[in-house]
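Residue-level structural notes
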Amino acid sequence: MNYLSILLCFIGFSIFGQETIISGTIMDPQNNRKLDEVSIQVLEHNSDNIFYAETNQQGIFNLKLEQSKTYEVKLDRNAYYPTSFIIENGNLPDLKSTFYMDRMPGYEFQANVR
């Protein structure tokens, strides 16, 4: 009976890909300001799966993604150019990565007072 349980456990792990949590910070490269309220959309290639996240007040986000998949990541925030990049075949960024968004011309540094 123990061998059957071990075999079923092994098959279960083989069927479902390993997931990892990616934690990142999004910043303005001109002044290193950590950007809050960045909308993050992650599209899984060859699938209809879409994942959403938003940065907190410290510009940090967390996403749980499967390691063996390919994703397109889109970043959007007011006063900044939309940014996107591809994560291919499990080549996930370091668990704590920094991403940058360029500010549109004409927008001065603004801080949110709360």
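In what follows, the structure referred to is the one given above.
Before going into details, it helps to say that this report is about the structure given with it. Keep in mind it's a predicted model, so treat the numbers as computed, not measured.

What follows concerns the overall build of the protein. Scanning the protein for helices and strands turns up one helix and seven strands. Counting helices and strands in the order they occur from the N terminus, the protein gives α-β-β-β-β-β-β-β. By residue count, 31% of the 114 residues in the protein fall in the buried class. Within the protein, contacts between residues separated by at least 24 positions form 58% of all contacts whose residues are at least 6 apart in sequence. On the protein, roughly 8000 Å² of surface is accessible, and the fraction owed to carbon and sulfur atoms is 51%.

With respect to the helices, strands and loops of the structure, T55 is situated in the loop between β3 (50-54) and β4 (60-66). On the accessibility criterion, T55 (4% relative accessible area) is buried. Within the structure, T55 has its side chain in polar contact with the backbone nitrogen of E37 (distance 3.1 Å). Excluding residues within four positions of it along the chain, T55 makes contact with I26, L35, D36, E37, V38, I40, I60 and F61.

Counting 18 residues, the largest nonpolar core has I26, V38, I40, V42, L63, L75 and M101 as the members making the most contacts within it. Looking at this core, the elements that each hand over two or more residues are β1 (19-27), β2 (39-44), β4 and β5 (71-76). Residues in contact with I26, not counting those within four places in the same chain, are R33, K34, L35, V38, I40, T55, G59, F61, L75, F99 and M101.

We now examine the sheet that holds strand β7 (residues 96-100). Working definition: the strands of a sheet are paired by backbone hydrogen bonds and lie parallel or antiparallel to each other. Taken in spatial order, the three strands line up as β4-β1-β7 in an open sheet, and their pairing is mixed. Bordering the open sheet on either side are β4 and β7, each of which pairs with just one other strand. With strand direction ignored, the average angle separating the axes of adjacent strands in the sheet is 35 degrees. As defined by bridge partners, β1 adjoins β7 across five bridges and the pair is classed as parallel. The residue bridging I26 from the neighbouring strand is F99, located in β7.

Before going further, it helps to examine the sheet that holds β5. Judged by pairing direction, the sheet is antiparallel, and its four strands sit side by side in the order β3-β2-β5-β6 without closing on themselves. The open sheet terminates on both sides in strands that have one partner only, identified here as β3 and β6 (83-87). Here the strands of the sheet are splayed against their neighbours by 20 degrees on average, with no regard to which way each runs. One ladder, built from six bridges, connects β2 with β5; its direction is antiparallel. Bridging from a neighbouring strand, V42 pairs with V73 of β5.

This part is about the pattern of salt bridges. Enumeration according to the criterion identifies five salt bridges in this entry. Put simply, R33 and D36 hold a salt bridge, and the shortest N to O gap is 3.9 Å. As far as burial versus exposure is concerned, R33 and D36 are alike and both buried. Note that K69 and E44 form a salt bridge whose closest N and O atoms lie 3.2 Å from each other.

What counts, and where the lines are drawn
Sequence order as written defines residue numbering, which begins from 1 separately in each chain. In keeping with the model being predicted, local features are shown solely for residues with a pLDDT of at least 70 and side-chain atom pairs are shown and tallied solely at 80 or more, while totals for entire chains, interfaces and linings include all residues. For the side-chain quantities, the full set of heavy atoms in the structure was used; hydrogens and water were omitted. Think of it this way: any DSSP run of H or I at least four residues long counts as a helix, any run of E at least two long counts as a strand, and we number them from the N terminus. Each residue's exposure class comes from its accessible area (1.4 Å probe, protein chains only) as a fraction of the maximum for that residue type: buried when under 20%, exposed when over 50%, partly exposed otherwise. Residue contacts follow a heavy-atom distance rule, with two residues in contact if any of their heavy atoms lie within 4.5 Å. Method for areas: the Shrake-Rupley scheme with a 1.4 Å probe, in which residue coverage is limited to the protein chains shown. Under this definition, polar contacts are N or O atom pairs within 3.5 Å; protein pairs additionally need one hydrogen-donor-capable and one acceptor-capable atom, and for neighbouring residues in sequence, both atoms have to be side-chain atoms. Nonpolar core, defined: a set of buried Ala, Val, Leu, Ile, Met, Phe, Trp, Tyr and Cys residues in which side-chain atoms within 4.5 Å join the residues together. Think of it this way: DSSP has to see at least two bridges between two strands before they count as a pair. Every angle, taken between N-to-C directions, lies between 0 and 180 degrees, and every axis is a line fitted to C-alpha atoms, over only the stretch in contact when it is a helix. In what follows, salt bridge is the name for a side-chain nitrogen of Lys or Arg lying within 4 Å of a carboxyl oxygen of Asp or Glu.

In short, the description is geometric, and any link to function would need to be established separately.
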